[in-house]
Amino acid sequence: MLDSKIPAGPLEKKWEDYKGHVKLVNPANKRKLEVIVVGTGLAGASAAAALGELGYQVKAYCFQDSPRRAHSIAAQGGINAAKNYQNDGDSVFRLFYDTIKGGDYRAREANVHRLAEVSVNIIDQCVAQGVPFAREYGGLLNNRSFGGTQVKRTFYAAGQTGQQLLIGAYQALERQVALGNVKMYSRHEMLELVVIDGKARGIICRNLVTGELERHFGHAVLLCSGGYGNVFYLSTNAMGSNVTAAWKAHKKGAFFGNPCFTQIHPTCIPVTGDHQSKLTLMSESLRNDGRIWVPKKKDDNRRANDIPEDERDYYLERRYPAFGNLVPRDVASRAAKERCDAGYGVGTTKQAVYLDFKYNLINKYGRAEANKQGITNPDQETLIRLGKEVVKEEYGNLFDMYEKITGENPYEVPMRIYPAVHYTMGGLWVDYELMTSVKGLYALGECNFSDHGANRLGASALMQGLADGYFVIPYTLGNYLADDIATKPIPTTHEAFEAAEKSVRERIDTLMNIKGKQSVESFHKRLGKIMWNKCGMARNEQGLKEAIVEIQELKKEFWQDVRIPGEVGEMNPELDKANRVADFIELGELMCRDALERAESCGGHFREESQTEEGEALRHDDRFMFVSAWEYKGDSDWNLNKEELKYEMIKPTQRNYK
């Protein structure tokens, strides 16, 4: 039933051969075709800009007041590409291999190889747009290290790479808006997908300023609406990030792939109390120049700088000598949790570990800078001063952010960090062409399940978003639309549009008429606690079964007692939030079902019943070498379809970073 449409032939030739034989739409016909793009982050902005440049009539939608507010802007550390500028052994194959291995052999080989291939073009595209990547003294683009790799392949712009890349894509998008090839709809949220004769033909939107419902036609619909990490309430995602667009598509027939695969990021500022609504990320790139440790003594209440070197446990370097502090995110996160659970955590909550920069300030940067300046036998104070100047240039905004939030100066004392929900590897199931199981409906970027398996390597999210938007969808969409050029725009008075808008209006009216006593936020917090405690960093069969029952009870209570102030026909952020939280509750149940079904540990999905003697994740390739593709059948009712994963070039082995 699931056709992934992977082209025949050798892995390294698949994409090239596909492009050489794909159907094309001539320029005159492109002007007759309308394409809807939902979401204007890196995937959406790049797709809309690329398709507008090709001549399609594009309509782009974002719920923010500007595409520049998309959550892609929050990415800090960098973007991967197999350029091998460092001449340290990198290649397209090595990026492909690291990504497959990092995802614990749960990603589709053909898609990942294509991603590695086009990565080299992304950097050239962004440089041409004026993205100010960091450069070495001689003017060449610089690279930094990231987790899960032993080469330097991550291009960056201080600690604000996502912002700079988004501005580049935004400029390309706005050029097409000015030319009339893209029509921009800001403050619009997609609330339903319109399917006619089995094909995606439009969307129903709510104008978030006026409250009006609008109908929009498209020959194809591209969802670029990001991930669903906010199902946990506390995450590194922007508060507005949600699953609604993808969830509406799922309920209209799009399969949901690997929903339980959630990434836990190891370097976040720890939770301080129930008052928090989100968590703050400290870039993984900091692990490149910092050393992670905890005291060797349990419940050690001394200040970090008062603990001598020989009483510190650099546990990642001890357990994983080959990769040290640069193990993949899931490994680093689980190791931090294990140390804290064992009683070695630091800070007031004891749910944190130290990330210390002093060693590299002095020995890596300070000494190198002293040598450059011809300073012989520098004292420690001079080394620290010189090292600070270099680190400030590399990570200054991150250090400033940390100090503003915690009141502590990370140049003087170690950062305190702890894992937190960050990215979602799961998403809408797509084939090689990025089309979902609904014809004409595509999913790009974090919105799909495609490239990261059970754990995303750091700096690969920006890579995938831009790859999908700039270099994949322009080819694959044409292959579909070439058979659709005779289709005239369908009037939005069509009965399918009428029915879709009616269902949206009825749901909104139902929500507004509940007039209960509990706030939307309170339900979201309760859902988040269930998900984090029972479907978070560690899961077990009993806890997952309990979570499913608890979420079903929460859903019933939500639809009986939620309180939404304000009116329908006006700006009403609480109503918008209620719509999103209702979808999160349903998604949460599916995530727990998926986690329960997958009785193995792989990547960021750790089943306590399935681990090695050393506490590492234990896969069961004989039973779970597949993509879970869930089909919506009705309320709390799903059917599991499986896409078998076949590896031609790589032999799956138990991961080893030691």
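Residues numbered from 1 in each chain as written. Predicted model: local features only at pLDDT ≥ 70, side-chain atom pairs only at ≥ 80, totals over all residues. Heavy atoms only, no water.

Attention now goes to the nonpolar core. Soluble, globular proteins show a tendency: their nonpolar side chains are buried together. Ranked by internal contacts, the top residues of the largest apolar core, which has 156 residues, are Ile79, Leu222, Leu223 and Tyr442. Beyond its immediate stretch of four places on either side in the chain, tyrosine 442 contacts Ala220, Val221, Leu222, Leu223, Glu433, Leu434, Met435, Thr436, Ile473, Thr476, Leu477 and Tyr480. Core analysis: the second largest hydrophobic core is formed by 32 residues, Phe357, Val390, Tyr395 and Tyr418 among them. (Core = buried A, V, L, I, M, F, W, Y, C linked by side-chain atoms within 4.5 Å. Buried < 20%, exposed > 50% of the residue type's maximum accessible area, 1.4 Å probe, protein only. Contact = heavy atoms within 4.5 Å.)

To continue, consider the domain arrangement of the protein chain. Domain parsing of the protein chain yields domain 1 (269-421) and domain 2 (502-620). In this structure, domain 1 and domain 2 have C-alpha centres spaced 33 Å apart. Between domain 1 and domain 2, the residue contacts involve 9 residues of the former and 12 residues of the latter. Across the interface of domain 1 and domain 2, roughly 830 Å² is buried in total on both sides, 56% from carbon and sulfur atoms. Joining domain 1 to domain 2, the criterion identifies 1 salt bridge. Of the charged contacts in the structure, one is a salt bridge between arginine 319 and glutamate 616, with a shortest N-O distance of 3.5 Å. Here domain 1 and domain 2 share 4 residue pairs in polar contact (both at pLDDT 80 or more) between them. (Domains from an automatic or database assignment. Buried area = accessible area lost by both parts, 1.4 Å probe. Salt bridge = Lys/Arg side-chain N within 4 Å of Asp/Glu carboxyl O. Polar contact = N/O pair within 3.5 Å; in protein donor to acceptor, adjacent residues only side chain to side chain.)

A few words on the packing of aromatic side chains. If you walk through the whole model with that rule in mind, you get 25 aromatic pairs. Each ring, one from tryptophan 293 and one from tyrosine 314, has its centre 6.4 Å from the other, and the planes form 50 degrees; the classification is tilted. Taken as a pair, tryptophan 293 in strand β12 (residues 291-295) and tyrosine 314 in the loop between β13 (312-313) and α9 (315-319) lie far apart in primary sequence, 21 residues in all. Tyrosine 314 shares its class with tryptophan 293; the two are buried. For the pair tyrosine 442 and tyrosine 480, a centre-to-centre distance of 6.2 Å together with 70 degrees between the ring planes defines the contact as edge-to-face. Taken together, the residues span a long stretch of sequence, with tyrosine 442 in strand β17 (residues 441-443) and tyrosine 480 in helix α13 (residues 461-481) at a distance of 38 residues. A single burial state applies to tyrosine 442 and to tyrosine 480, both of which are buried. An aromatic cluster of at least three residues, connected via ring pairs, comprises Tyr228, Trp247, Phe256, Tyr632 and Trp638. Seen from the ring of tyrosine 314, arginine 291 lies directly overhead, with NZ or CZ sitting 3.8 Å from the centre. (Phe/Tyr/Trp six-rings, centres within 6.5 Å; stacked < 30°, edge-to-face > 60°. Helix = DSSP H or I, 4+ residues; strand = E, 2+ residues; numbered from the N terminus. Lys NZ or Arg CZ within 6 Å of the ring centre and 35° of its normal.)

Mapping arginine 108 onto the fold places it in the loop between α4 (92-102) and α5 (109-129). Classification of arginine 108 by relative accessible area gives buried; the value is 2%. A polar contact of 3.2 Å, which involves the side chain of arginine 108, links it to the side chain of asparagine 111.

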